[in-house]
Amino acid sequence: MTSPESAPPITRRERVRSRSWLRALVPAVLILAWLAGASFGGPLFGKIDEVSSNDRTTYLPESADATQVQELLGDFTDSDAIPAIVVFTGETALSESQLEAISDLLATVDALDGVGDDVSPALPSEDGEAVQAFVPISSGSDVGDVVAELGTTLRESAPAGVDVFITGPAGFTADLVAGFAGIDGLLLGVALLAVLLILVLVYRSLLLPVVVLSTSLFALCVALLVVWWLAKAEVLLLSGQTQGILFILVIGAATDYSLLFVSRFREELRSTSDKGAAVAAAWKGSFEPIVASGGTVIAGLLCLLLSDLKSNSTLGPVAAIGIVFAMLSALTLLPSLLLLFGRAAFWPRRPSFEPDVVAAEGGMPSTGVWARLATAISRRPRTIWVVTTLVLLVGALGVTQLNASGVPQSDLVLGSSEARDGQVVLGEHFPGGSGSPAYVVADEADLQDAAEILLALDGVDAVSVTATDAPSGTAAVTDEGITAFGPPGSPTPDPTVVDGRVLLQATLADAADSDAAAATVREMRAELEGLDALVGGVTATAVDTDDASIHDRNLIIPVILVVILLILMALLRSILAPVLLIVTTVLSFGMAMGVSALVFNGVFDFPGADPAVPLFGFVFLVALGIDYNIFLMTRVREESRRHGTREGVLRGLAITGGVITSAGLVLAATFAALSVIPILFLVQLAFIVAFGVLLDTFIVRSFLVPALAYDIGRAIWWPSKLGRGIF
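Worth saying up front: this structure is predicted, and the values here are computed from it rather than measured. (Residues numbered from 1 in each chain as written. Predicted model: local features only at pLDDT ≥ 70, side-chain atom pairs only at ≥ 80, totals over all residues. Heavy atoms only, no water.)

Chemist: How should I be thinking about the side chain of T242 in this particular structure?
Modeler: Its location among the elements puts T242 in helix α8 (residues 240-269). The residues touching T242, leaving out its near neighbours within four places in the chain, are S311, T314, L315 and V318. (Helix = DSSP H or I, 4+ residues; strand = E, 2+ residues; numbered from the N terminus. Contact = heavy atoms within 4.5 Å.)

Okay, here's the thing in structure tokens:
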């Protein structure tokens, strides 16, 4: 046996062969690992509704009155069904035969899957032209499908001359379900197609766009795999809104990081013929800006954990997980694929190996739009940044026209809506709040006092109390006490009492999602304050949601600014530069919101905006807008150490201009894809972020930041050594 001492030495060729084998093995393992993750995550695209919910009550803080009332309802009603309000109407007063046919028809709908047994009888309106009925829909069923089947059944069998509408909570839930139905297919398809077209135009290549898009899609699949199982374990909450934002954010961010990496890779291929060395150099040059950029976005998103509203706080970790995998794919999968393809990835426009030309250029392009812009900035920096700042300030004035105090539930879905049409018809013949009462939980001893307070309010049409021994499950309450619903002489039922408390139902005079109904709920709470009563229901849920959202917006926006400022200080080793970058990004956000407000009001005629729209717009525009400043300023800092700050600014702009602009176009296109989902919140967010990203890309990062940095000079790095001219 040969001893270790007597073994022949390893030759240089063997060492090189060993390193080459290892260098090929690591990328292969990484590619296989991502393929495996994507193979498990991909099939979950059609199963997200299994672990998501669009019920607004589940996203309220546990301390909210509406949340507490929702938890108590099951003790009084023994049902968690979602009520659908069916409205039958004719052009004139309904005849006896029509009323009889409607009653017979309602008696059969409980046979439909998903419909509960407690279908109410037909309740005619005072004018005799309409009938309403309350149909319970099981919360465990697919509400959208049940409502659709219920509507089809009723219309097919309704008497001649009678129109049928389904509205109420179940009707609006069905609208939301239909609105979010395109997220798995339409949204993803439009976003990927938009990105693919931009990448083809940017690279003028066939293979490279597929490589970059695969990097983004694999990141999304693996992120979805993690998020789905966390939602399955009830660690995270998912909604259609969160799902749509996750898709867009991962595709946009992963593509942006990939563009930065590919740019450095192409740059290195001009200086070296070794594709492995080019990948390594590109990885080294891209690691800091990608991690800093992703870390900034993650930090901004995690600030949402401070939110009282769970629809906001749950978005933070969900989107942060997506950004983590976007970074990982750009730093592991993409380098592996580029190492596999090398220069062939750019075919037919392969980068030339031209070290002499690179040396002559000094690493800075001497021609092109960005070189010309750099020259223009060097000539009149102060004029450029002053004029740009004034334009942004003027645009920001439009923010005073933004109405972000909340929108009615009936306006959440754009386009046609049977539930919205049905609510209009309902309000023409019945009290506007029929079928969506305000629930009041009060002490048994205070029942009559609470009822009298409610009846004294102009916005309350009637009051009833839950009574299990009443035929309809409720009994009317008047100033004189409890009365039976039924024929004269019917016995007076006793109210249902649970732990010494009773449940009152106040039928509102106005539509449950109207401003007038919200004002009535607020008035209820003020008048009932001395009785220790809780007010819940559909309207109260909307009120509590808007209040929590406004609180979150006012708290989280300043926190995000501070967090991002600290990250930039650590990254750039400076105080002045980060402060200026934050100010420029806030200016950009202000103009984006100002222009959006004018467009929403004057062009689209939107009814308003959710209070969370400015918050989400701020999170994405500031965090993602800072991305481009990070891409620019990290390169400026790198060049400044070699050539001085002013020269470094010009070189950084000329070198990064193309890739950052491409990244901005990709991100704007992906967020614009959100507008294919007919949900008001997502359409507004799509416009704000897409417009804001383009504004930040073409104006702030191209003109304002470089002109300001050039005018200030090396003092912009104060108080670091670079700011004192010590490199």
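Chemist: Looking at this model, I keep getting lost on the pattern of salt bridges. Mind explaining?
Modeler: It is possible for side chains bearing opposite charge to pair when their charged atoms get close. Applying the stated rule across the entire model yields 14 salt bridges. The residue D65 makes a salt bridge to R525 at a minimum N-O spacing of 3.8 Å. On the criterion of sequence distance, the pair formed by D65 in helix α2 (residues 65-77) and R525 in helix α17 (residues 515-527) is long-range, its members being 460 residues apart. For D65, a relative accessible area of 22% puts it in the partly exposed group. Residue R573 pairs with E288 through a salt bridge whose shortest N-O separation is 3.5 Å. Of this pair, R573 sits in the loop between α18 (538-572) and α19 (576-602) while E288 sits in helix α9 (residues 275-302), placing them 285 residues apart in sequence. In this structure E288 comes out as partly exposed when scored by relative accessible area, which is 37%. When salt bridges that share partners are traced, they join R264, E267, R635, E638, E639, R642, E647 and R651 into one network. (Salt bridge = Lys/Arg side-chain N within 4 Å of Asp/Glu carboxyl O. Buried < 20%, exposed > 50% of the residue type's maximum accessible area, 1.4 Å probe, protein only.)

Chemist: Whenever I open this one, the environment of S702 confuses me. Can you help?
Modeler: Structurally, S702 is set in helix α22 (residues 680-712). Residue classification places S702 among the buried residues on the basis of a relative accessible area of 1%. In this structure, S702 is in contact with W370, L373, I377, L653 and T697, ignoring residues within four places of it in sequence. Only 2.8 Å separates the side chain of S702 from the backbone oxygen of T697, close enough to count as a polar contact. Separated by 3.4 Å, the side chains of S702 and R701 make a polar contact. (Polar contact = N/O pair within 3.5 Å; in protein donor to acceptor, adjacent residues only side chain to side chain.)

Chemist: Even after reading the chapter, I still don't get the side chain of S286, so can you show me in this structure?
Modeler: By the element assignment, S286 lies in helix α9. Not counting chain neighbours up to four residues away, the residues in contact with S286 comprise L260, F261 and R264.

Chemist: Whenever I open this one, the environment of A122 confuses me. Can you help?
Modeler: Note on placement: A122 falls in the loop between α3 (96-106) and β2 (123-124). Residues A122 and L106, spaced 16 residues apart in sequence, show a C-alpha to C-alpha distance of 7.5 Å. Other than its neighbours up to four places away in sequence, A122 contacts I102, S103, L106, V131 and Q132.

Chemist: I tried to follow the pairing of strand β9 (residues 501-508) on my own but got confused; where do I start?
Modeler: Regular strands show a simple pattern: their side chains alternate between the two faces of the sheet. Among the 8 residues in β9, 7 count as buried, and that is most of the element. Bridge count for strand β5 (residues 438-443) against β9 is 6 bridges, and the pairing is antiparallel. Within the sheet, the bridge partner assigned to D443 lies in β9 and is R501. Pairing of strand β6 (residues 460-466) with β9, which is carried by 5 bridges, proceeds in the antiparallel orientation. Bridge pairing in β9 places V463 opposite A506. (Pairing = 2+ DSSP bridges.)

Chemist: Can you help me understand the environment of R350 in this one?
Modeler: Examined against the element boundaries, R350 turns out to sit in the loop between α11 (315-341) and α12 (355-361). By relative accessible area, which is 48% here, R350 ends up partly exposed. For R350 and L269, which are 81 residues apart along the polypeptide, the C-alpha to C-alpha distance reads 9.4 Å. Contacts of R350, omitting those with residues within four sequence positions, involve R343 and A344.

Chemist: How should a negative patch on the surface be read in this particular structure?
Modeler: Taken together, the side chains of D49, E50, D113, D142, D145 and E149 define an acidic patch exposed on the protein surface. Along the polypeptide, D142 turns up in the loop between β3 (130-137) and α4 (143-157). When its relative accessible area of 38% is taken as the criterion, D142 is described as partly exposed. (Patch = residues over 30% accessible without salt bridge, like charges linked within 9 Å, V, L, I, M, F, W, Y side chains within 5 Å. Areas by Shrake-Rupley, 256 points an atom, 1.4 Å probe, with all protein chains shown as cover. Lys, Arg positive; Asp, Glu negative; His and termini not counted. Charge placed at Lys NZ, Arg CZ, Asp CG, Glu CD.)

Chemist: I'm lost on the packing of aromatic side chains in this one. Help?
Modeler: Here the distance between the centres and the angle between the planes together describe a pair of aromatic rings. Overall, the coordinates contain 13 aromatic pairs when judged by the stated rule. For the ring pair F616 and F620, a centre distance of 6.4 Å and an interplane angle of 90 degrees mean the geometry is edge-to-face. Within this pair, F616 and its partner F620 are both found in helix α20 (residues 612-643), separated by 4 residues, close to a single helical turn. Seen from their ring centres, F616 and F681 are 5.3 Å apart, and the 85 degrees between their planes marks the pair as edge-to-face. Of this pair, F616 sits in helix α20 while F681 sits in helix α22, and the two are 65 residues apart along the sequence. According to the relative accessible area criterion, F616 is buried, its value standing at 1%. The buried category is assigned to F681, whose relative accessible area is 8%. Among the aromatic residues, those joined into a cluster by ring pairs are F600, F604, F606, F687 and F691. Over the face of the ring belonging to Y710 we find R646, whose NZ or CZ atom lies 5.6 Å from the ring centre. (Phe/Tyr/Trp six-rings, centres within 6.5 Å; stacked < 30°, edge-to-face > 60°. Lys NZ or Arg CZ within 6 Å of the ring centre and 35° of its normal.)

Chemist: Honestly, the nonpolar core in this entry has me stumped. Any pointers?
Modeler: Most often, soluble globular proteins keep nonpolar side chains buried together rather than apart. Formed by 162 residues in total, the largest nonpolar core has its most connected members in Y257, L301, L338, F616, F620, F671 and F681. Aside from chain neighbours lying at most four places away, what touches L301 is L249, G316, A319, A320, I323, V619 and F620. Counting residues in each nonpolar core, the second largest holds 31 residues, with A442, L454, V477 and A506 among its members. (Core = buried A, V, L, I, M, F, W, Y, C linked by side-chain atoms within 4.5 Å.)

Geometry only, nothing functional implied.
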